[in-house]
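Here is what each chain is made of, one letter per residue.
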Amino acid sequence: MKTRNLILTAIITALALVAFTIEAAIPPLTPIYGIKLGIANVFTLFTLYALGIKEAAAVLFLRILLGSIFTGQIVSFIYSLAGGILSFVLMVLLKKFFTLKQVWVLSVLSAVMHNIGQLLAAIFMTSSVQLVYYLPVLVISGIIAGAFTGLCAQLVLLRLKKWSENKL
Amino acid sequence: MKTRTWIIILSSVVIVCAILWMSILNSLSPSKIVGIYQDGNLVEKIDLNSVTYQREITLTGEFGKNTIYISNEHIEMKSAECPDKLCVKHGELKSGGTPIVCLPNRIVIQFEDDSKEADAKTGAVR
Ligand SMILES: [Zn+2]
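Described in the following lines is the structure provided in the data block. Note that the structure is a prediction, hence the values are computed from the model and not measured.

Moving on, we get to the overall build of chain A. Scanning chain A for helices and strands turns up six helices and zero strands. Helices and strands in chain A line up, N terminus first, as α-α-α-α-α-α. A compact globule built from 168 residues would reach a C-alpha radius of gyration of about 15 Å, and chain A, at 16 Å, matches this within 12%. Reported as C-alpha extents along the three principal axes, the dimensions of chain A are approximately 55 × 30 × 25 Å. When the 168 residues of chain A are sorted by exposure, 47% land in the buried category. Sequence separation of 24 or more characterises 73% of the internal contacts of chain A that already satisfy a separation of 6 or more.

This paragraph deals with the packing of helix H5 (residues 103–126) of chain A against helix H1 (residues 3–25) of chain B. Look at H5 of chain A against H1 of chain B: their axes get within 10 Å of each other, and the N-to-C directions meet at 30 degrees. Classified by the interaxial angle, the pair formed by H5 of chain A and H1 of chain B is roughly parallel. In the crossing of H5 of chain A with H1 of chain B, the sense of the turn from one axis to the other is left-handed. For the pair H5 of chain A and H1 of chain B, contact is made by Trp104, Val105, Val108 and Leu109 of chain A and by Thr3, Trp6, Ile7 and Leu10 of chain B, respectively. In terms of residue class, the contact of H5 of chain A with H1 of chain B is built from seven nonpolar, one polar and no charged.

A few words now on the pairing of strand E1 (residues 33–38) of chain B. Residue and element names in this part refer to chain B. For E1, the buried fraction is high: six of the six residues fall into the buried class. With burial as the criterion, each face of E1 is covered, one bearing Ile33, Gly35 and Tyr37 and the other bearing Val34, Ile36 and Gln38. Both E1 and strand E2 (residues 41–47) contribute to a ladder of six bridges, which runs antiparallel. By the bridge assignment, Ile33 is partnered in E2 with Asp47. Joining the antiparallel neighbours E1 and E2 is a turn of two residues, in which Asp39 adopts a positive phi near 50 degrees. One ladder, built from five bridges, connects E1 with strand E8 (residues 107–111); its direction is antiparallel.

So, about the coordination of the zinc ion. All names here are of chain B. Here the zinc ion is held by Cys82 (SG), Cys87 (SG) and Cys102 (SG), and the distances to it run 2.2 to 2.3 Å. For the zinc ion, the donor residues sit on a single chain with the sequence spacing C-x4-C-x14-C. Residue Cys87 is located in helix H2 (residues 86–89), and its partner Cys102 is located in strand E7 (residues 100–102); the two are separated by 15 residues in the primary sequence. Residue classification places Cys87 among the buried residues on the basis of a relative accessible area of 0%. Given a relative accessible area of 0%, Cys102 falls into the buried group.

Cut-offs and rules
- Residues numbered from 1 in each chain as written.
- Chains lettered and ligands numbered in written order.
- Predicted model: local features only at pLDDT ≥ 70, side-chain atom pairs only at ≥ 80, totals over all residues.
- Heavy atoms only, no water.
- Helix = DSSP H or I, 4+ residues; strand = E, 2+ residues; numbered from the N terminus.
- Rg over C-alpha atoms; globule rule 2.2 N^0.38 Å.
- Buried < 20%, exposed > 50% of the residue type's maximum accessible area, 1.4 Å probe, protein only.
- Contact = heavy atoms within 4.5 Å.
- Axes fitted to C-alpha atoms, helices over the stretch in contact; angles between N-to-C directions.
- Parallel < 35°, antiparallel > 145°, perpendicular 65-115°, else oblique.
- Left-handed = near helix turned anticlockwise from the far one by under 90°.
- Nonpolar A, V, L, I, M, F, W, Y, C, P; charged D, E, K, R; others polar.
- Pairing = 2+ DSSP bridges.
- Donors = N, O, S within 2.8 Å, 3.2 Å for Na, K, Ca; no water.

Shown next, in the form of structure tokens:
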């Protein structure tokens, strides 16, 4: 990793942590686990496009680890990790099929995958298959949250591209 | 794939999931038997129809105590010492729908499909 990328990765991780911590302080909208905006996803997506896979993985997993420590949500660590790994793998594998104007679609798919991963971890932890009843609402919330965070990342990436083109 | 195609696919998924979710929320369990599980192990099975007096069950998990309230009509998580309290906010379980979950203390309260004989007084299924 180049020094420039290392520093950028560190800064983006710090920003993702701030966003995550603020979001964690807001009371949940619904009494259902896993329904949240996941604003930190903006930073992972942005890094994946702007810097690369290694850097994005660092931003994601450092944020999950430090975020759980900072917010004291030790319980959610295992669920965040399960969701994080699955959604990140999907994001990396499917990235080439989407243009810069379709970043939000990739974000939607990875957010849905994230929620599926969390649900699988919850089913595993409680041994209750009936938790699958929560799948429809988690898919819907993943689509909405993923579209929003994806659009945020997409707008920044498009602006950045325009800016660097103008500069050259 | 075109962005428009994706919008159509995703909208369809949202509609299908919304219909599924509504039907799950309004579903009626074939029996009124609920199972209380902790760490995947059955703690108690209760037939809500044959509960004649209200009672409480207290379970202790890693993050403190959870108190489950049982009456003839419904079952609910009355109080909990878990950090998120989402299990308490779930509300009453009456006829079906989604199970009550407490992830920190790994407790699940759900309707069971089987209809075994239950104790006449406590509603406990033997
Ligand atoms: Zn709880």
